[in-house]
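# What the coordinates show
Listed below are the residues making up each chain.
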Amino acid sequence: MDLNNALSIATSGLEGNQYALGVLSQNVSNASTTGYVEEVANLNSADTTGTGSGVSIGLTTRNVNNALQSSLYTQNAQVSALTVQNNSLSAITALQGSTSSDSGSSATLSDEVGNLSNAITALVSTPSDATARSTVISNAQTLATSINTLSSTYQAQRQAAQDSIVSEVSSVNTDLTTIGVLSKQIMSLKVQGMSTADLENQRAAAMSDLSSYMSVTYTETSKGDMLVKTADGTQLPTYPKDSNNSVLSTYPTTDSNSTGTSTLEPSSTWPLTTDDVTISATSSITASDTSSYIPAITLVGSTTDLTSHLTGGELGANIDLRDNVYPKMQAQLDSFASTLATRFNDQGVKLFTDASGDVPGSSTTATPPDGIVGFSGTIQVGDAIAADPSSLSEDGSTDTAVALLQTTLGSDSPAAPGSGLGVNGDISTGYSGSQTLANLATSLTSAQAQVASSATSNLTTATSVQSTLTTKVSNVSGVNVDNEMSNIIALQNAYTANAKVVTAVKAMFTALLDAV
C-alpha cells in the first residue's frame, strides 16, 4: 500500500467517523423528543479493483418497526379519548354523589326525593302547621334546583366539548399539512438520492401528535409520500392538488379554493373546517333551524360531512360527548323532571312547573311547554303554590298529602318516558320508566355514574397498554443514551486512530522530502 492510499483511507475514515458522530449526537439530543426514532449512520467498505480504499458514507436510515409504531398511534388515540371523557364526566359525578348505601352521600336526586317525601309525611301529622307546608316547598325547591344544576352542567360540558372541537380541528389541520409539507420535501430528496431520516422523524412527530386527536392509520409509499386515513379508511388530504394531481403551491383558504404563489407551508385552516357556535339542550347536528344547528366538520370548499368519520382521540371524544353522551344524559333528566311534574299534577298539585307555570305536555321531542326537551333546565316550584302552600293541606285536610305519598311518590305510574327522547326522538333512557320517583332518580344517577366509571376504568387499562407499547417501541426504535454514548467513545477512538495514521503519513512524506 503506498502512502497516498494510506492517506486516502485514513481521510475517508475521519470523514466517516465525523458523519457517524453527528448522527449519534443528534440521537442523544433528541432522546426525549416524542415520536423520534433512532437514526442509523450507514458506513460501507469502499474498494478499488478489489483493494480496500477506505469507507463510503451511505444514507442515514431510521430504526423503526412500522407495525409497532402504528399500534402505538392507535393506543394514543384511545388514551386521549378516554382522558377527555374521564375529565369531562368527573364534573357530573361530582354533582350527583353516590347511590351506594355506605357512601355517606346525602345530595343525590333520590336523597332529595326522599327529603321531599319526609316533608310530606310530616305534613300528614301536622296538616295545619305553616312551617310543615313551607318545608315541603323548600325541599321541592332544593330538588328543582339540583335538577337545574345538573342540566346546566350537561350543557356547560357539552359547550366545552364544542369549543374544544373547533380548536382541535385547527390542530388536526396543522398536523396534516405539516405531514404534507414534509412529505413533499422527502419525495424531492429521495429523487436526488439524499438522506431523508431527519425529515421522516419530523413527520413521525407530527403523526404522533395527530394520533392524540383522532384514530388514524398511515401508509408510506415507495416515493416517500405518506397517506393518512381515519380508522374507517377515509383518506385525509395532506396537501392540495389540482385536477392533474399536481401539488399546488399553497393551501386553499376556508372561504375559497383559490391558491397563491407562496411556498407550501403548514396551515391551521385546511383541509377541515367547522364553525364556532353556542349550543343548547335543543341543539342538534341534524337540526334544520339555524339557531339550533350544530355545524358539521367538512372539507374546505365542500359540503362532505366528515364528522362521523373522525373517531377516537381528543376530537373524536368531544364529538361523542357533544352528540351522544350529554344529549342522552339530558334526555334521562328531562324524562325524570317531566315524570316528577306530571305525577304531582295528576293529583291536582302543580308543585313543579316550567317558567310559565305550565306542566309540559305528552310530546317527548318538542321544546317546553309543548314537550320535555330541556324541561329539566327550567323546572321550578310553581309560583302559585310557592306563594300560597295552603293547598297542600287545605282546611287542615290530609287527603292531598296522603294521595301524594301513596300515588305520586309511592306509585310507578304514569311510567316515565323511556324512548323517543331527545331533539330527534332517537334516544332511550336505558332503564324502565315504571318505577317510583326515588327509584327513577337512583336509576338515572346509577346509569350516568356507570358511564363515568367505565371511562375511568377503561382509561386505566388503556394507559397500561400504552405504557407497554411505548416501552416496546422505545426498545426497538428509541434512543438508548447509554448505548449511544458507548458508540460515541468507540467512534472517538477510531477517529483518533485515523488521525494517527494521517499524522504518520505526514511524517513519512516529510522524511521523504527531506531525504531528496
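Above this note sits the structure.
First things first, this report covers the structure right here in the doc. (Residues numbered from 1 in each chain as written. Predicted model: local features only at pLDDT ≥ 70, side-chain atom pairs only at ≥ 80, totals over all residues. Heavy atoms only, no water.)

## Quick word on the pattern of salt bridges
Tallying each qualifying case throughout the model produces 3 salt bridges. In this structure, glutamate 220 and arginine 203 form a salt bridge, with 3.8 Å as the shortest nitrogen-oxygen distance. Placement of glutamate 220 in strand β5 (residues 216–220) and of arginine 203 in helix α5 (residues 197–213) is noted, with a sequence separation of 17 residues between them. Residue class for arginine 203 comes out buried when judged on its relative accessible area of 2%. Across the salt bridge formed by aspartate 323 and arginine 322, the nearest N and O atoms sit 2.7 Å from each other. Owing to a relative accessible area of 1%, arginine 322 belongs among the buried residues under this scheme. (Salt bridge = Lys/Arg side-chain N within 4 Å of Asp/Glu carboxyl O. Helix = DSSP H or I, 4+ residues; strand = E, 2+ residues; numbered from the N terminus. Buried < 20%, exposed > 50% of the residue type's maximum accessible area, 1.4 Å probe, protein only.)

## Let's talk about the environment of isoleucine 186
As for its placement among the helices and strands, isoleucine 186 is situated in helix α4 (residues 130–191). Separated by 128 residues in sequence, isoleucine 186 and glycine 58 place their C-alpha atoms 17 Å apart. Residue contacts for isoleucine 186: discarding those within four places in its chain leaves Thr196, Leu199, Glu200, Arg203 and Gly224. (Contact = heavy atoms within 4.5 Å.)

## Regarding empty space enclosed by the protein
Applying the stated rule across the entire model yields 2 cavities of 30 Å³ or more. In this structure, the largest cavity spans a volume of roughly 90 Å³. Residue contributions to the lining of the largest cavity peak at 4 residues, all from α5. For the lining of the largest cavity, the residue count by class is 7 nonpolar, 3 polar and 4 charged. If you go around the second largest cavity, the residues you meet are Gln332, Ser335, Phe336, Ala416, Tyr431, Leu440 and Leu444. (1 Å grid on protein atoms, 1.4 Å probe; cavity = no way out; pocket = protein on both sides within 12 Å on 5 of 7 lines; lining within 4 Å. Points joined across faces, edges and corners; volume = space filled by probe spheres on them. Nonpolar A, V, L, I, M, F, W, Y, C, P; charged D, E, K, R; others polar.)

## Here's the deal with the nonpolar core
In this structure, Phe336, Phe344, Leu351 and Phe352 are the most contacted members of the largest nonpolar core, which totals 55 residues. Going through the elements one at a time, α2 (66–96), α3 (109–125), α4, α6 (313–345), α8 (399–408) and α9 (437–477) are the ones with two or more residues in this core. Among the elements that line this core, the one with the most residues is α6, at 12 residues. When residues no more than four places from it in sequence are discounted, the contact partners of phenylalanine 336 are Leu109, Val113, Ile147, Leu437, Leu440, Ala441 and Leu444. Core analysis: the next-biggest nonpolar cluster, separate from the first, contains 23 residues, Tyr73, Met214, Leu306 and Leu315 among them. (Core = buried A, V, L, I, M, F, W, Y, C linked by side-chain atoms within 4.5 Å.)

## Describing the pairing of strand β6 (residues 226–230)
In β6, alternate side chains face the same way, and those of Met226, Val228 and Thr230 are buried while those of Leu227 and Lys229 on the opposite face are not. Pairing between β5 and β6: 5 bridges, direction antiparallel. Across the sheet, valine 216 pairs through a bridge with threonine 230, a residue of β6. The antiparallel pairing of β5 with β6 creates a hairpin that spans 5 residues between the two strands, and glycine 224 there sits at a positive phi of about 105 degrees. Pairing between β6 and strand β7 (residues 235–236): 2 bridges, direction antiparallel. By the bridge assignment for β7, lysine 229 is matched with glutamine 235. (Pairing = 2+ DSSP bridges.)

## Observations concerning the packing of α4 against α6
At a minimum axis separation of 9 Å, α4 and α6 run at an interaxial angle of 165 degrees. As summarised for this structure, α4 and α6 are arranged roughly antiparallel, according to the angle between their axes. As for the relative orientation of α4 and α6, their crossing is left-handed in sense. In terms of residue class, the contact of α4 with α6 is made up of 18 nonpolar, 7 polar and 4 charged. (Axes fitted to C-alpha atoms, helices over the stretch in contact; angles between N-to-C directions. Parallel < 35°, antiparallel > 145°, perpendicular 65-115°, else oblique. Left-handed = near helix turned anticlockwise from the far one by under 90°.)

## Looking at the packing of α4 against α5
For any two helices packed against each other, one specifies the crossing angle of their axes together with the interaxial distance. Following both chains from N to C, one finds α4 and α5 inclined at 160 degrees, their axes separated by 9 Å at the closest point. When the axis of α4 is compared with that of α5, the two are roughly antiparallel. Crossing handedness for the pair α4 and α5: left-handed. Among the residues forming the contact of α4 with α5, the class breakdown is 11 nonpolar, 5 polar and 6 charged.

## Observations regarding the sheet that holds β5
Strand pairs in the sheet, formed through backbone hydrogen bonds, run parallel or antiparallel to each other. The strand order across the open sheet built from 3 strands is β5-β6-β7, with neighbouring strands paired in antiparallel fashion. Unpaired on one side and paired on the other, β5 and β7 mark the two borders of the sheet.

## Details of α4
An ideal rise of 1.5 Å per residue puts 92 Å on 62 residues; α4 measures up with 91 Å between its terminal C-alpha atoms. Sitting at the amino-terminal end of α4 is aspartate 129, which places a side-chain oxygen 3.0 Å from the backbone nitrogen of threonine 131. Just downstream of α4, glycine 193 is the residue with a positive phi angle, here 75 degrees. (Expected span 1.5 Å × (residues − 1). Polar contact = N/O pair within 3.5 Å; in protein donor to acceptor, adjacent residues only side chain to side chain.)

## What about a nonpolar patch on the surface?
Nonpolar side chains collect at one region of the surface, where Leu43, Val55 and Ile57 lie side by side and expose about 210 Å² of accessible area between them. In this structure, isoleucine 57 sits in strand β3 (residues 51–57). For isoleucine 57, a relative accessible area of 43% translates into the label partly exposed. (Patch = residues over 30% accessible without salt bridge, like charges linked within 9 Å, V, L, I, M, F, W, Y side chains within 5 Å. Areas by Shrake-Rupley, 256 points an atom, 1.4 Å probe, with all protein chains shown as cover.)

## Notes on the packing of aromatic side chains
Within the structure shown, the criterion is met by 4 aromatic pairs. Between tyrosine 251 and tryptophan 270, the ring centres sit 5.0 Å apart and the planes meet at 40 degrees, which makes this aromatic pair tilted. Remark: tryptophan 270 occurs in the loop between β7 and β8 (272–273) and tyrosine 251 occurs in the loop between β7 and β8; sequence separation between them is 19 residues. Accessibility classification places tyrosine 251 together with tryptophan 270 in one group, the buried group. (Phe/Tyr/Trp six-rings, centres within 6.5 Å; stacked < 30°, edge-to-face > 60°.)

## Observations concerning the side chain of serine 215
As for its placement among the helices and strands, serine 215 is situated in the loop between α5 and β5. A relative accessible area of 17% places serine 215 in the buried class.

## Here's the deal with α8
By the burial criterion, the buried members of α8 are Ala401, Ala403, Leu404 and Thr408. Buried residues in α8, looked at end-on, bunch into an arc of 160 degrees, giving them a common side. Of the exposed residues in α8, the ones pointing more than 90 degrees away from its buried face are Asp399 and Gln406. Contact partners of the buried residues in α8: α3, α6 and α9. (Arc of directions from axis to C-beta.)

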